[in-house]
There are 2 protein chains.
Amino acid sequence: MVRKWNKLQSALLGDYRIFKLRQDTSRSPRTNKTHDFYVLEACDWINVIPLTPEGMVVFIHQYRHGIEAVTLEIPGGMVDDTDLSPADSARRELLEETGYMAEEFVHIGTVAPNPAFLNNRCHSFLALGARKVQAAQLDGAEDIVVEERPLSEVPTLIKNGRITHALVIAAFHFLHLYQSQHPL
Amino acid sequence: MVRKWNKLQSALLGDYRIFKLRQDTSRSPRTNKTHDFYVLEACDWINVIPLTPEGMVVFIHQYRHGIEAVTLEIPGGMVDDTDLSPADSARRELLEETGYMAEEFVHIGTVAPNPAFLNNRCHSFLALGARKVQAAQLDGAEDIVVEERPLSEVPTLIKNGRITHALVIAAFHFLHLYQSQHPL
């Protein structure tokens, strides 16, 4: 079996607000040699599939600075307040980014966004009974437009490349697995 | 609609082998104010679901330094040689990490691993007719054990948290969509 590496040193290289960068030096249990690895330390993230009583998913259009393009996504963000649970963070992000509330938040799955170099997790929620209650409250660096689309359209949106965010597609996979046991 | 931001400045902060870190200063078309964003420049990645004629998926157990744990994944890696197409890179990674070859590589989908701060894409392939042809060729920083598991077991492996890598789950979602049109 594959064994745990022995971490010999760890040095913080920088703090970049959404993550810290560190360099670890670890020894391979297989070769006994040491190697350096770069790791991003990030807080956990959440995303949420808001579903209205009419079977519509509340999507957001958002400008993304990594790929320098507008994406079609579900609401999401960081669990950056240690007083908030992942479910509370999902509730807050949904309200801030879209102005929607929901009746029930169901945890449908958790991923490691990239276990090779990110140390965090992303928790996905299904928000049932979503409805608009107020205007969205965007911070200055956000630029979001809300659009409801039928849940039945999601497979096509993924197949034709309209939805490309890996964490959003993982969330819809968790929803697919959830639906096989809990018909919506 | 959401509009593109105007990038005013871009500065390279460091080169960390698997990615470069840069800082962009961009102006919001909504507020006209400027904000700083950190972006990781990475080459594209690939992953591959190798399927044997007997309906087994070729998985790998691997130590991952981001989460400091052993994961259950499919083979994957970087498109780091500009002479190789994503499909050729998938073929090379499958052979190096597992010692398997396959008869046919089908591109089943492409994601943005994290459009917020990564500029790259990850291409997923289905490798049909996979079979072991030689020993794996691990580099010193790799530590991999191969295990075949039935494709029919994958939903359970995802539901019970045995498979957690977001890009692997996205690949299996693409396979699910592919199978709805091309029964395996």
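Residues numbered from 1 in each chain as written. Chains lettered and ligands numbered in written order. Predicted model: local features only at pLDDT ≥ 70, side-chain atom pairs only at ≥ 80, totals over all residues.

### Topic: the overall build of chain A
Part 1 of the reasoning: Scanning chain A from N- to C-terminus turns up three helices and twelve strands.
Part 2 of the reasoning: Considered along the principal axes of its C-alpha atoms, chain A spans approximately 60 × 40 × 35 Å.
Part 3 of the reasoning: Burial analysis of chain A (184 residues in total) assigns 42% to the buried set.
Part 4 of the reasoning: Considering only contacts within chain A whose residues lie at least 6 apart along the sequence, 60% involve residues at least 24 apart. (Helix = DSSP H or I, 4+ residues; strand = E, 2+ residues; numbered from the N terminus. Buried ≥ 20, exposed ≤ 12 C-beta atoms within 10 Å, placed from the backbone. Contact = placed C-beta atoms within 7 Å.)

### Here we look at the environment of Pro155 of chain B
Part 1 of the reasoning: Along the polypeptide, Pro155 of chain B turns up in helix α2 (residues 154-159).
Part 2 of the reasoning: In this structure, the C-alpha to C-alpha distance between Pro155 of chain B and Thr110 of chain B, residues 45 residues apart in sequence, is 21 Å.

### Some words on the sheet that holds strand β2 (residues 20-27) of chain B
All names here are of chain B.
Part 1 of the reasoning: What the three strands build is an open sheet, ordered β1-β2-β3; its pairing is antiparallel. Looking along the sheet, the strands with just one partner apiece sit at the ends: β1 (6-15) and β3 (34-41). Taken pair by pair, the neighbouring strands of this sheet meet at an average axis angle of 20°, ignoring direction.
Part 2 of the reasoning: Both β1 and β2 contribute to a ladder of eight bridges, which runs antiparallel. Residue pairing across strands places Gln9 opposite Thr25, the latter belonging to β2. (Pairing = 2+ DSSP bridges. Axes fitted to C-alpha atoms, helices over the stretch in contact; angles between N-to-C directions.)

### A word on the packing of helix α3 (residues 166-179) of chain A against helix α3 (residues 166-179) of chain B
Part 1 of the reasoning: α3 of chain B packs onto α3 of chain A with a crossing angle of 60° between their chain directions and a minimal axis gap of 8 Å. Taken together, the axes of α3 of chain A and α3 of chain B are oblique relative to one another. Along this stretch, α3 of chain A crosses α3 of chain B, giving a crossing that reads as left-handed. Seen from α3 of chain A, the contacting residues are Ala166, Leu167, Ile169, Ala170, Phe172, His173 and His176 of chain A; seen from α3 of chain B, they are Ala166, Leu167, Ile169, Ala170, Phe172, His173 and His176 of chain B.
Part 2 of the reasoning: Broken down by class, the residue content of the contact of α3 of chain A with α3 of chain B amounts to ten nonpolar, four polar and no charged. (Parallel < 35°, antiparallel > 145°, perpendicular 65-115°, else oblique. Left-handed = near helix turned anticlockwise from the far one by under 90°. Nonpolar A, V, L, I, M, F, W, Y, C, P; charged D, E, K, R; others polar.)

### Some points on the sheet that holds strand β3 (residues 34-41) of chain A
All names here are of chain A.
Part 1 of the reasoning: Taken in spatial order, the three strands line up as β1-β2-β3 in an open sheet, and their pairing is antiparallel. With one partner strand each, in any of the chains shown, β1 (6-15) and β3 form the two edges of the open sheet. Taking each pair of neighbouring strands and ignoring which way they run, the sheet shows an average axis angle of 20°.

### Quick look at the relation of the copies chain B and chain A
Part 1 of the reasoning: In the superposition of chain B on chain A (RMSD 0.0 Å, axial shift 0.0 Å), the rotation amounts to 180°. Put plainly, the chains are arranged around a two-fold axis.
Part 2 of the reasoning: The share of interface residues of chain B whose copies in chain A are also at the interface is 100%, consistent with both copies meeting through the same surface. (Least-squares fit on C-alpha atoms with pLDDT ≥ 70 in both.)

### A short note on the interface of chain B and chain A
Part 1 of the reasoning: Residue-level contacts link 54 residues of chain B with 55 residues of chain A.
Part 2 of the reasoning: Those elements that provide at least two residues to the side of chain B that touches chain A are β2, β3, β5 (56-64), β6 (69-73), β12 (144-150), α2 and α3 of chain B.
Part 3 of the reasoning: At eight residues, the largest contribution of residues to the side of chain B that touches chain A is made by α3 of chain B.
Part 4 of the reasoning: Split into classes, the residues belonging to the side of chain B that touches chain A amount to 30 nonpolar, 16 polar and eight charged.

### Looking at the nonpolar core
Part 1 of the reasoning: The biggest cluster of nonpolar side chains holds 74 residues, and the ones touching the most others in it are Ala127, Ala166 and Ala170 of chain A together with Ala127, Ala166 and Ala170 of chain B.
Part 2 of the reasoning: Those residues in contact with Ala166 of chain B, other than ones at most four positions away along the chain, are Val111, Ala112, Pro113, Asn114, Cys122, Ala166, Leu167 and Ala170 of chain A. (Core = buried A, V, L, I, M, F, W, Y, C linked by C-beta atoms within 7 Å.)

### What to know about unusual backbone geometry
Excluding glycine, residues mostly carry a negative phi; peptide bonds, for their part, are mostly trans.
Part 1 of the reasoning: Of note, the phi angle at Glu68 of chain A is positive, near 55°, even though the residue is not glycine.
Part 2 of the reasoning: Mapped onto the elements, Glu68 of chain A comes out in the loop between β5 (56-64) and β6 (69-73).
Part 3 of the reasoning: Under the C-beta neighbour-count criterion, Glu68 of chain A is labelled partly exposed, with 16 such atoms within 10 Å.
Part 4 of the reasoning: For Asn32 of chain B, which is not glycine, the phi torsion reads 70° and is therefore positive.

### Notes on the environment of Phe117 of chain A
Part 1 of the reasoning: Tracing the sequence through the fold places Phe117 of chain A in the loop between β9 (104-111) and β10 (122-128).
Part 2 of the reasoning: With sequence-adjacent residues up to four places away left out, Phe117 of chain A is seen in contact with Tyr38, Val39 and Leu40 of chain A together with Ile18 and Gly66 of chain B.

### Considering helix α1 (residues 86-98) of chain B
Residues and elements named next belong to chain B.
Part 1 of the reasoning: Between its terminal C-alpha atoms α1 stretches 18 Å, which fits the 18 Å expected from 13 residues at 1.5 Å a residue.
Part 2 of the reasoning: Every buried residue belonging to α1 is among Pro86, Ser89, Ala90, Glu93, Leu94, Glu97 and Thr98, and all of these are buried. Along the long axis of α1, the arc covered by the buried residues comes to 135°, so they all point the same way.
Part 3 of the reasoning: Immediately beyond the C-terminal end of α1, within one or two residues, lies Gly99, with a positive phi of roughly 80°. (Expected span 1.5 Å × (residues − 1). Arc of directions from axis to C-beta.)

### Side note on the confidence of the model for chain A
Part 1 of the reasoning: Across chain A, the average pLDDT comes to 96, with 100% of residues at 70 or higher.
Part 2 of the reasoning: ipTM for the predicted complex: 0.97, alongside a pTM of 0.97. (pLDDT = per-residue confidence, 0-100.)

### Brief notes about the domain arrangement of chain A
Part 1 of the reasoning: Under the domain assignment, chain A is made up of domain 1 (6-41) and domain 2 (45-179).
Part 2 of the reasoning: For domain 1 of chain A and domain 2 of chain A, the distance between their C-alpha centroids amounts to 31 Å. (Domains from an automatic or database assignment.)

### Focus on the pairing of strand β4 (residues 45-51) of chain B
All names here are of chain B.
Part 1 of the reasoning: Burial runs high along β4: seven of the seven residues are buried.
Part 2 of the reasoning: Because side chains alternate across β4, one face comprises the buried residues Trp45, Asn47, Ile49 and Leu51, and the other comprises Ile46, Val48 and Pro50, equally buried.
Part 3 of the reasoning: Sheet topology places β4 next to strand β7 (residues 76-78); three bridges connect them, and they run antiparallel. Looking across to β7, one finds that Ile46 is bridged to Gly77.
Part 4 of the reasoning: Summarising the sheet, β4 and strand β10 (residues 122-128) pair through seven bridges and their orientation is parallel. Along β10, the bridge assignment pairs Trp45 with Cys122.

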